[in-house]
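# Fold and geometry: a report
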Amino acid sequence: MSADANFQPKIVVFACENSGWLAAEHAASLGLSYPERVELIKLPCSGKIDVIYFMKALEKSDGTMIMACQQENCKFLKGNVRAAQRVRQTQNLLKEIGIEEDRVGIFYLAANMGHKFVEIVQNFYDKMRELGPNPGKVIK
Amino acid sequence: MIIAERKPIDEILGFLSKHQKVLVLGCGGCVTVCLAGGEKEVGILGSELAMARSKEGRPLEVVQKTIERQCDFEYLEGIRHIVKDVDAILSLACGIGIQTCAEAFPDKIVWPGVNTKFLGVNLNVGVWAERCQACGQCVLDKTGGICPVARCSKSIFNGPCGGSQNGKCEVDPDTDCAWALIHDRLARLGEVDSLREIMAIKDWSFSRDGGPRKLVREDLELESGK
Amino acid sequence: MKAASKLQRMCESGNFVVTGEIGPPKSCNGEIVRHHAKMLKGWCESFNLTDNQTAIVRLSSIAAGKILLEEGLEPNIQIVCRDRNRIAAQSDILGASALGMKNVLCLSGDHQKFGNHPTAKNVFDVDSIQLIQILDGMRKGYFANGEQMKDEPPQLFIGCAANPFADPFEFRVTRLEKKADAGADFCQTQCILDMERFERWMELVRARGLHKRIKILGGITPIKSVKAAKYMKKFVAGMMVSDDLIERLEKAEDVKAEGLQIAIEQIERLKKMEGIAGVHIMAIAWEEKVPEICQRAGLAPRPEV
Ligand code: SF4
Ligand code: SF4
């Protein structure tokens, strides 16, 4: 548990434009809100994510995630499978240098799931609050 | 191509422990293709190092750069201005690139960031296998294009030895017996009888055993370079 | 010219030949070699002394051979390509010869990965066939580089191994032929635990007339337990164990007695097989049974040649 009760994590969310990104728009249209220190980055497919993006995101944030289409539902067939592999690879790197592997994750949802989007972001945010600031953050 | 693998992070962190600012230097050649030391790996390692050191509370400034080829003095010339400002260089090139880098910058500490493994081929995603040991006097003409020096665990020339079974090598059931491959390929080509002839003892002086090798081609040398 | 080795004389006499094997210890205790020598003296023409077998450091085969000579037994020095380049191999041959050893068996050698120094660098400057060639040259008075010896050449009776149970099956015969071409005088086979396959191999050997060019000694290893048989079948590369043999051992009340009985029957069979010059008995960690095997298989006493 973070010692600092006022700690507001910074989070970078990579979102596939066929699911996560649309779900974010859906959430907005429903007037749902989520923590403000969340940066959203659009990708043409979750398969576009790479270890290096996660690592660069973590240099300046407390947690990062990829939002991908639900299993078997990737427009490019295997994009979300690749994304999951890259999450695992990033987790291994974090483990190597003693940083909590939970600071990177993958979550699946569909375009019409505005509520789910907010729920995922909020849960992840809460989790990062619990973990506290990323000890490896380079750009503070 | 030359196959390399990045060294474990702890080993690298150990090398860099006394530095405050380092250049992580990638190479656009073989190590880019085998995913050990190209631009992307430089980026990932750069983040990993910076984060690890931030966590320790001893920040490390990481300059990241990848050049066309590290085994070429010309390309190394182009980064002299960057090298000037760092404590040390962590080279992600193969052993040749690392040494060329050290030779180009005699006043800079150059650390190896990869283990250079072998000369090989990419068989599958994430799988590489050895193919040649640069023995200096190629015998592929006699062995159906399959190298007994690099691919037979005992580098024998009149195989297969008595440990070959079901096409696999006695040393490891996952490794093909090179001599079984040679035999089968020559059989397919109708040339298997050529194996009845004893291959004579090899002249290893063309290999590393003759001391460090150097190749000089006078036809290519410039007058002034002589 | 000095007298030929007893093994050579036996091979040339047409008598059924018997060779044995002694594994030197993992220590400098020569008494262990001496003990085995005393136990086995007179039962075989000559005894192989393994050369750092399975890549485990042991008392040297040439030093052990010297102990055998002292005890009045004839050694057959094994020499593997794993640990020596052509310089060391030739030097050792000269040394062994100076000490009075005449039989030499050339082998590639087990890879060091299986031994107790897996991080060692191996040599394999030459392979076993090339080593035979080198020794053949040496006894003719030439070093491997073609240089002529200034003194009397070493007198050598050159042996090799053959494994009828490795692959590719037909090429195993070609490989024996290459060894004969290289100059090998005799060959000891991998231990026979699949007689049917061995017979098929011998058919091919005879079809090429190889048995007339090289003396073939069939490898005999008495099996002590069902577990050992199964292990060899499954895990030892280049080894075949027939299901019949395993079944016989499984059904036996006294497995060890059955193992000995099988070995004796195999010897009887080899005695009748065309092209077989003798047997090579490898009673691994069971040396004390060699006299019994020889006696019951009608191999004793050894004829004088
Ligand atoms: S024979 Fe020599 S040069 Fe040819 S592939 Fe093998 S190691 Fe390389
Ligand atoms: S099994 Fe084949 S590859 Fe392995 S050492 Fe023997 S001949 Fe060489």
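Treat the numbers as computed from the prediction; the structure is a model and nothing was measured.

### Concerning the interface of chain C and chain B
Across the contact, 36 residues belong to chain C and 27 residues belong to chain B. Both sides together, the interface formed by chain C and chain B hides about 2,600 Å², and carbon and sulfur atoms give 51% of it. Contact with chain B buries area across many residues of chain C, yet Q130, F171 and K178 of chain C alone supply 20% of it, more than any other trio. Between chain C and chain B we count 1 salt bridge in total. In this structure, E177 of chain C engages R196 of chain B in a salt bridge whose closest nitrogen and oxygen atoms are separated by 3.0 Å. Where chain C packs against chain B, one counts 23 residue pairs in polar contact (both at pLDDT 80 or more). Every element with two or more residues in the side of chain C that touches chain B is listed here: helix 5 (128–139) and helix 6 (169–182) of chain C. Sorting elements by how many residues they give to the side of chain C that touches chain B places helix 6 of chain C first, with 8 residues.

### Quick notes on the sheet that holds strand 1 (residues 2–6) of chain B
Residue and element names in this part refer to chain B. Read from one edge to the other, the open sheet built from 3 strands follows the order 1-6-7, with strand pairing classed as antiparallel. The sheet is open, and its two borders are formed by strand 1 and strand 7 (127–132), each paired with just one other strand. In this sheet, adjacent strand axes meet at a mean angle of 70 degrees when their direction is disregarded. Alignment of strand 1 against strand 6 (residues 114–124), held across 5 bridges, turns out to be antiparallel. Residue pairing across strands places A4 opposite T116, the latter belonging to strand 6.

### Topic: the interface of chain B and chain A
Counting residues at the interface gives 15 residues for chain B, matched by 18 residues for chain A. When the area that chain B buries against chain A is broken down by residue, the three leading residues are I44, M51 and K55 of chain B, summing to 44%. Linking chain B with chain A are 1 salt bridge, by the criterion used here. A salt bridge links D50 of chain A to K40 of chain B, with the nearest nitrogen and oxygen atoms 2.8 Å apart. Between the two partners, chain B and chain A, sit 7 residue pairs in polar contact (both at pLDDT 80 or more). Contributions of two or more residues to the side of chain B that touches chain A are made by helix 1 (9–16) and helix 3 (39–56) of chain B. If one sorts the elements of the side of chain B that touches chain A by residue count, helix 3 of chain B sits on top with 11 residues. Split by residue class, the side of chain B that touches chain A holds 5 nonpolar, 5 polar and 5 charged.

### Quick look at the environment of I120 of chain A
Residue and element names in this part refer to chain A. With respect to the helices, strands and loops of the structure, I120 is situated in helix 4 (residues 114–131). Residue classification places I120 among the buried residues on the basis of a relative accessible area of 7%. For the pair formed by I120 and M67, sequence separation is 53 residues and the distance between their alpha carbons is 9.2 Å. Filtering out sequence-adjacent residues up to four positions away, I120 remains in contact with M65, M67, F107, Y108 and L109.

### Describing the arrangement of the chains
No other pair among the 2 pairs of chains in contact exceeds the contact count of chains B and C. Separated without contact, chain A and chain C have their nearest C-alpha atoms at a distance of 27 Å.

Parameters and conventions
Numbers given for residues are sequential positions, taken from 1 along each chain in its written order. As they are written, the chains are lettered A onward and the ligands numbered 1 onward, keeping that order. The predicted nature of this model means local features are confined to residues of pLDDT at least 70 and side-chain atom pairs, given and counted, to a pLDDT of 80 or more, with totals for whole chains, interfaces and linings taken over all residues. Water and hydrogen atoms play no part in the side-chain values, which are based on all heavy atoms of the structure. Only heavy atoms enter the contact rule, under which two residues are in contact if any of them lie within 4.5 Å. When two components associate, each loses some accessible surface as probed by a 1.4 Å sphere; the sum of these losses over both components is called the buried area. Salt bridges are defined as contacts in which a side-chain nitrogen from Lys or Arg sits within 4 Å of a carboxyl oxygen from Asp or Glu. We define a polar contact as two N or O atoms separated by no more than 3.5 Å, with the added condition that, inside protein, one atom must be a possible hydrogen donor and the other a possible acceptor, whereas residues neighbouring each other in sequence contribute only through side-chain atom pairs. Secondary structure counts use DSSP, requiring at least four H or I residues in a row for a helix and at least two E residues in a row for a strand, with both numbered from the N terminus. At least two DSSP bridges between two strands are needed for those strands to be called paired. For every element, the axis is a line fit to its C-alpha atoms; helices are fit only across the contacting stretch, and the angle between N-to-C directions ranges from 0 to 180 degrees. Under the scheme applied, nonpolar residues are Ala, Val, Leu, Ile, Met, Phe, Trp, Tyr, Cys and Pro; charged residues are Asp, Glu, Lys and Arg; polar residues are all the others, including Gly. Throughout this description, buried means an accessible area under 20% of the type-specific maximum (1.4 Å probe, protein chains only), exposed means over 50%, and partly exposed covers the range between.

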